[in-house]
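Architecture at a glance
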Amino acid sequence: GIINKEQLDRESFSRAADFCRANQYFWDGVIDERLNLRDFIHTQASYCLLDFTMKGGRFGFEPTIPYNTDYSIKKNDTAIPEIKALFTDGNIREMQVTTLPPEERKLFEAEVLYREERINQFPQTRTTTLRLSRYSDALAVETFDLTQFCTSRRQAVHFGKYALKARQWIDHVIEFETTPHSMANVEPGDYIRVISYLCHPDRFSTGNITDDGIIQASRDIPSGTQVYYWNPTFTKDAATNSFIRVGTLSISSDGRAPNALRGCVFAVVSETTTNRVYKVDSIAIGEEGFVSVTGTHMPVGGQGQLKVMTGWDDDRDFDINSSVYS
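Here's a quick rundown of the structure. (Residues numbered from 1 in each chain as written. Predicted model: local features only at pLDDT ≥ 70, side-chain atom pairs only at ≥ 80, totals over all residues. Heavy atoms only, no water.)

1. Quick word on the overall build of the protein
The secondary structure content of the protein amounts to three helices and 17 strands. For the protein, whose C-alpha radius of gyration is 22 Å, the value lies close to the compact-globule estimate of 20 Å for 326 residues. For the protein, the spread of C-alpha atoms along the three principal axes comes to 80 × 50 × 35 Å. Counting all 326 residues of the protein, 47% fall into the buried class. Residue pairs at least 24 apart in sequence account for 73% of intrachain contacts in the protein once pairs closer than 6 positions are excluded. Carbon together with sulfur atoms contributes 47% to the accessible area of the protein, which is approximately 16900 Å² in total. (Helix = DSSP H or I, 4+ residues; strand = E, 2+ residues; numbered from the N terminus. Rg over C-alpha atoms; globule rule 2.2 N^0.38 Å. Buried < 20%, exposed > 50% of the residue type's maximum accessible area, 1.4 Å probe, protein only. Contact = heavy atoms within 4.5 Å. Areas by Shrake-Rupley, 256 points an atom, 1.4 Å probe, with all protein chains shown as cover.)

Printed below as a string of structure tokens:
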């Protein structure tokens, strides 16, 4: 009665359902009072490692973390996100970087409560405590009460792991404006690479190349320089799981770039610039026809794997204990 079918991204709902089913994330509870629908969905989605999205005014869901073709989650070195686009000083403006406040970056010990169902008996509340194994100092305890709907220890542990890793690694968010052309095929929940002076401590060589080969850069680029380059027409490279290419910028005698790089934005390859990956949180139409984008920093390791997903398979990064809640 509140939302009609045209407001639902049914494909994303189906994808989210397959993701939850494959990873045994369920919602087994009762809604016994009136509530704000958007706030409720946003909160409950996070407990199932889903992002609640708005795409063109339509409600949808996307898995928070990378997943395999069978919808099982990718862990450790396999958790390499699909990079959909590249943004540099050549195709962004009005960059703003917001560092998370200290209270949102302070490490903690997670206490996750869930419900254990028992045949012909009342359910029992159980608790699982998790902490990062590398930190032995006394940490404040943050309690997450999932007893309203969670009956799976697996789900409780997965949520606790992600909450701890997110607090450890995610330290800032960004907002910038770009052209509609640059946002082709990019949606909320997608991962992008951003290389910008305002986003990093050093000024990198970035820019864009016009369709006729003119190089517009933040500094002079020598011929033969290795660069990342991208434009919205690129297809995904199966080997790197990325839409971004790596190649050599060979400048001709007339100062123009080769045909393969024309119409692209680019950034000079260096070890410093490879680890700035962001997950798109929202996309909106901004002023003067530009697109306003917000994203959350998602640090990656040397192989491109998300650091929030390391140490999951064998629990090597966590200390986990379970007991009956009292």
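That shown, we press on.
2. Considerations on the nonpolar core
The biggest cluster of nonpolar side chains holds 78 residues, and the ones touching the most others in it are Tyr162, Phe176, Ile192 and Met309. Residue contributions to this core peak at seven residues, all from helix H3 (residues 153–169). Excluding anything up to four places from it in sequence, isoleucine 192 contacts Ile83, Ala85, Phe87, Phe176, Val186, Arg276, Val277, Tyr278 and Val280. (Core = buried A, V, L, I, M, F, W, Y, C linked by side-chain atoms within 4.5 Å.)

3. Overview of helix H1 (residues 10–23)
End to end, H1 covers 20 Å across 14 residues, agreeing with the expected 20 Å (1.5 Å per residue, within 8%). Check the buried side of H1 and you find it contacts strand E1 (50–55), strand E2 (58–63) and H3. Trailing H1 by a residue or two, glutamine 24 shows a phi angle of about 60°, which is positive. (Expected span 1.5 Å × (residues − 1).)

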